Amino acid sequence: MPTFPQGAVDVVDRAGEEAATRVLEASPELAVDLEADAMHAFRARLCFLQLGTDTDIFLFDTLQPGVDPRLLSPVMEDPGRTKYFHAAQGDLQFLAEAGVRVRGLFDTHRAVTLLGWPKVGLADLARERLGVELPKEHQQSDFSLRPLPPGMRDYIANDVRYLCELGRQVRGACREADILEEVLLDCERMCAEAEARPETGAEYKPKLSKSGLSPVQYALAHAIAQGLHKLRLEWAEKDNVPMGRMLSNMAITDLALKQPDTHKDLARAAGVRGAVVRAHGDAILALIREQQQKATRGELDLDREPKGPRDPHRRKREDALKAFRVEQATLRKVTPSVVLTNPLMDALASKPPANVEELLQLPYFGEKRIKLYGDKLVTLLKPFPVLGS
């Protein structure tokens with residue numbers, strides 16, 4: 001049974017950060033996790049950055065003015081030093097926002113997903129691979145609290161305490177299953193595509209089905225949803241709470257489609273909290289009425305988005321690729337995403353390669369896939385050229 005680091009060191013100032021960084025620089029493998037206050041604030045902040053080795057754990061308190069994550073950039077950007085994360089995508093965004101890029105990533109969550117393991121949570125892996133129980137009662141806690149309660153401190157330390165050993169075991173399983181190259185390519189893609197988090201609410205797109213709605217009805221529902229989204233941003237920012245605590249996406253969709261006209265009906269909408277009805281019910285109903293009146297007067301913008309020429313073969317390429325992926329996965333006894341990840345599927349469906357040389361230019365495709373599938377994919381997609389090519 002491997003041994004694991006005991007205790008953890010709190011890093012709360014520049015001197016402590018420099019000392020911790022010197023220790024981390026001596027390790028070829030690091031476990032990394034972070035905590036934010038996303039469940040408790042309008043604009044989530046990076047609250048802790050946890051890094052661990054086989055012998056040490058450091059808890060970088062990033063809310064302290066002397067602790068700057070950028071000091072760790074040389075360590076985090078070194079591709080020769082393995083960084084074990086579990087479910088890294090959101091963490092990579094927070095780090096990019098803090099000015100830290102990651103290379104040398106091995107995401108255990110992504111790896112076990114590609115391995116096809118039935119349970120992919122960190123607690124599941126710790127239990128099944130190491131016989132360790134990781135309590136998860138603090139998953140939705142407020143990590144901006146200072147001082148951090150002892151139980152929460154233990155919780156964040158445990159997220160990296162066992163991760164190096166788990167990472168090595170998962171990496172070994174990938175090697176044994178002959179999918180390590182594919183996993184590493186996908187981890188490389190995640191690092192390259194990581195960008196700082198968008199502004200809160202900037203990318204909101206109402207999920208409204210056009211089925212059963214006339215163009216005017218759809219435009220009305222869309223206008224209501226967009227208006228409610230703007231209102232929830234204003235209210236959430238004023239109260240410094242997550243926007244979903246004001247109105248969830250589900251609540252906005254239900255309100256946009258049902259369009260209640262009384263407080264009683266408003267309270268019956270899916271996901272609408274009583275406190276929101278009491279505080280903002282009049283404003284919600286007023287917005288709905290305003291958009292209804294615009295619809296009556298013909299003032300709503302109907303769906304007139306310019307559409308480019310339709311690609312008549314796009315669906316055929318997608319269907320052919322899906323069948324190919326399943327067939328090859330069955331032959332190799334791997335999950336379909338090992339054969340072709342979803343981003344690769346989309347790239348190939350959008351622009352099929354004319355030859356293997358073009359496939360070589362496709363980012364994160366890799367030499368192994370070229371050898372196994374290159375000629376087959378070119379032949380598979382040849383009957384479905386892009387319009388005008």
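Residues numbered from 1 in each chain as written. Predicted model: local features only at pLDDT ≥ 70, side-chain atom pairs only at ≥ 80, totals over all residues. Heavy atoms only, no water.

K.L.:
It is not clear to me how the overall build of the protein should be interpreted in this structure. Could you clarify?
P.N.:
Secondary structure assignment for the protein yields 18 helices and 6 strands. Referenced to the eigenvectors of the C-alpha coordinate spread, the extents of the protein come out at roughly 70 × 65 × 35 Å. The 389 residues of the protein split such that 47% are buried. Contacts in the protein between residues far apart in sequence, at least 24 positions, make up 65% of those at least 6 positions apart. Looking at the protein as shown, the accessible area adds up to about 20,100 Å², and 51% of this sits on carbon and sulfur atoms. (Helix = DSSP H or I, 4+ residues; strand = E, 2+ residues; numbered from the N terminus. Buried < 20%, exposed > 50% of the residue type's maximum accessible area, 1.4 Å probe, protein only. Contact = heavy atoms within 4.5 Å. Areas by Shrake-Rupley, 256 points an atom, 1.4 Å probe, with all protein chains shown as cover.)

K.L.:
I keep staring at the packing of helix H5 (residues 122-130) against helix H7 (residues 163-176) and nothing clicks. Help me out?
P.N.:
Packed helix pairs are specified by the crossing angle of their axes together with the interaxial distance, meaning the distance between the axes. Axis separation between H5 and H7 bottoms out at 11 Å; the angle between their running directions is 75°. Considering their axes alone, H5 and H7 lie roughly perpendicular with respect to each other. Two secondary-structure elements touch here, H5 through Leu122, Leu125, Ala126, Arg129 and Leu130 and H7 through Leu163, Glu165, Leu166 and Gln169. Partitioned by chemical class, the residues of the contact of H5 with H7 number 6 nonpolar, 1 polar and 2 charged. (Axes fitted to C-alpha atoms, helices over the stretch in contact; angles between N-to-C directions. Parallel < 35°, antiparallel > 145°, perpendicular 65-115°, else oblique. Nonpolar A, V, L, I, M, F, W, Y, C, P; charged D, E, K, R; others polar.)

K.L.:
Whenever I open this one, the sheet that holds strand E3 (residues 46-52) confuses me. Can you help?
P.N.:
By definition, the strands of a sheet pair up through backbone hydrogen bonds, in either a parallel or an antiparallel sense. A sheet is described by the order of its strands in space; here 6 strands give the open sequence E1-E4-E3-E2-E5-E6, paired in mixed fashion. The open sheet has two free edges, formed respectively by strand E1 (9-11) and strand E6 (105-107), since each of these has just one partner strand. The sheet shows a mean angle of 25° between the axes of neighbouring strands, taken without regard to direction. Of the strands in this sheet, strand E5 (82-85) and E6 touch helix H4 (residues 108-115), which is tilted by about 55° from E6. (Pairing = 2+ DSSP bridges.)

K.L.:
Where do I start with unusual backbone geometry in this structure?
P.N.:
Note that the residue after Arg146, namely Pro147, is joined by a cis bond; omega there is -5°. By secondary structure assignment, the location of Pro147 is in the loop between H5 and helix H6 (150-161). Phi at Asn240 takes a positive value of approximately 50°, unusual for a residue other than glycine. By the secondary structure assignment, Asn240 is in the loop between helix H9 (215-239) and helix H10 (243-246). Classification of Asn240 by relative accessible area gives partly exposed; the value is 44%. Positioned with a positive phi, Gln259 is a non-glycine residue whose angle comes to about 50°. Structurally, Gln259 is set in the loop between helix H11 (249-258) and helix H12 (263-268).

K.L.:
So what exactly am I meant to see when it comes to helix H18 (residues 367-381) here?
P.N.:
Helical periodicity: at 3.6 residues per turn, an α-helix aligns residues three or four positions apart in one direction. Along its 15 residues, H18 runs 19 Å from first to last C-alpha, staying within 8% of the 21 Å computed at 1.5 Å per residue. The sharpest bend along H18 comes to roughly 60°, located at Tyr373. All of the buried residues in H18 are Lys368, Arg369, Ile370, Tyr373, Gly374, Leu377, Val378 and Leu381. Along its buried surface, H18 packs onto helix H8 (180-193), helix H14 (314-332), helix H15 (336-339), helix H16 (342-350) and helix H17 (356-360). (Expected span 1.5 Å × (residues − 1). Bend = angle between axes of the 7 residues up to and from the residue.)

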